[in-house]
Amino acid sequence: MTSDRRAHDRVRKDEQGRSSTRRGLTLGAAFGEFVRHPTPWMIAVLLAGAGTARVVVADWHWTDAVVPAVMIASFPLAEWIIHVGVLHWRPRSVGSLKVDSLLSRKHREHHRDPRNIPLIFIPWQVLCVVIPVAVLIGVFAFGPLGPGLTFLTTLGALGLVYEWTHYLIHTDYKPKSRLYKATWRNHRFHHYKNEHYWFTVTTSGTADRLLGTDPDPESVEKSPTAKNLHALS
């Protein structure tokens, strides 16, 4: 059997639940595991805090509709850019300094072992920096406080959607809806077939199609480095 066919069979078997030792996994059980990890709670606190503050502040403007619309529309592109530019960053040396972020290192570990649940989540150390920076942007970059709080609320909601979707894709929960199945298959092909394609996580056929990384899986060869990014280990 060719390596290409093995990659396709791995995704197909996962989809049908035949390769799972936990083939009866329910959404409730998956959620029970999800909430045992710190980063969903960190993002949920941001969402709850910003959302509550937004209601208290009131002073609604037309920008409270525009800001979420722009953020939601651009989110697949943001996912693509971060995935390609940060998570798949190849370590570089600048003089005696090695440039290799925690996110990049953890993502390489995630590719080596896609079923290791703690490695699925955004590292909590990263959120300890990202969340305060986002709060500063929300408070000071929008002029009136209201739109800034709308920005933070939307960011929290998108962050939770990302964490939940990415986590669920890597569990043994079997896809049911057509939309989720397409998203699930794309990310599985990214891990099991070729890491140079299918970079969006929460959607399929959006930024990848726009930027030329959404090929027909049958036309793509299996990469020897899908589980060993940049052949560094």
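As the structure is a computational prediction, the values presented were derived from the model and not from experiment.

### Focus: the packing of aromatic side chains
Logical step 1: What the rule picks out here adds up to 12 aromatic pairs.
Logical step 2: Their ring planes at 40° and their centres at 5.8 Å tell us that tryptophan 164 and tyrosine 167 sit as a pair that is tilted. Of this pair, tryptophan 164 and tyrosine 167 are both found in helix 7 (residues 145-169), 3 residues apart, which corresponds to roughly one turn of the helix.
Logical step 3: What makes tyrosine 167 buried here is its relative accessible area of 2%.

### A word on helix 5 (residues 102-112)
Logical step 1: Ser104, His107, Arg108, His110 and His111 are the residues of helix 5 that are buried. Down the axis of helix 5, the smallest arc covering the buried residues is 155°, so these residues share one side.
Logical step 2: Tucked into the core, helix 5 has its buried residues touching helix 4 (63-87), helix 7 and helix 8 (178-192).

### Side note on the UniProt feature "transmembrane region" (unreviewed entry) in the protein chain
Logical step 1: Per the UniProt record, "transmembrane region" (unreviewed entry) is found at residues 117-142 and 148-169.
Logical step 2: Across residues 117-142, the secondary structure splits into 65% helix and 0% strand, with the terminal C-alpha atoms separated by 37 Å.
Logical step 3: With 100% helix and 0% strand, residues 148-169 has its two end C-alpha atoms placed 32 Å apart.

### Examining the UniProt feature "domain: Fatty acid hydroxylase" (unreviewed entry) in the protein chain
Logical step 1: Look at the UniProt record and you will see "domain: Fatty acid hydroxylase" (unreviewed entry) annotated at residues 70-213.
Logical step 2: Spanning residues 70-213, this segment combines 63% helix with 4% strand, and its end C-alpha atoms are found 23 Å apart.

### A short note on unusual backbone geometry
Logical step 1: Phi at aspartate 59 takes a positive value of approximately 50°, unusual for a residue other than glycine.
Logical step 2: As for its placement among the helices and strands, aspartate 59 is situated in the loop between helix 3 (38-57) and helix 4.
Logical step 3: Overall, aspartate 59 belongs to the partly exposed group, its relative accessible area being 45%.

### Regarding a nonpolar patch on the surface
Logical step 1: A cluster of nonpolar side chains, contributed by Val57, Val135, Leu136, Val139, Phe140 and Leu145, occupies part of the molecular surface with about 500 Å² of accessible area.
Logical step 2: By secondary structure assignment, the location of valine 135 is in helix 6 (residues 124-140).

Conventions we followed
Residues numbered from 1 in each chain as written. Predicted model: local features only at pLDDT ≥ 70, side-chain atom pairs only at ≥ 80, totals over all residues. Heavy atoms only, no water. Phe/Tyr/Trp six-rings, centres within 6.5 Å; stacked < 30°, edge-to-face > 60°. Helix = DSSP H or I, 4+ residues; strand = E, 2+ residues; numbered from the N terminus. Buried < 20%, exposed > 50% of the residue type's maximum accessible area, 1.4 Å probe, protein only. Arc of directions from axis to C-beta. Contact = heavy atoms within 4.5 Å. UniProt positions renumbered as here; feature names shortened; annotations may be inferred. Patch = residues over 30% accessible without salt bridge, like charges linked within 9 Å, V, L, I, M, F, W, Y side chains within 5 Å. Areas by Shrake-Rupley, 256 points an atom, 1.4 Å probe, with all protein chains shown as cover. Salt bridge = Lys/Arg side-chain N within 4 Å of Asp/Glu carboxyl O.

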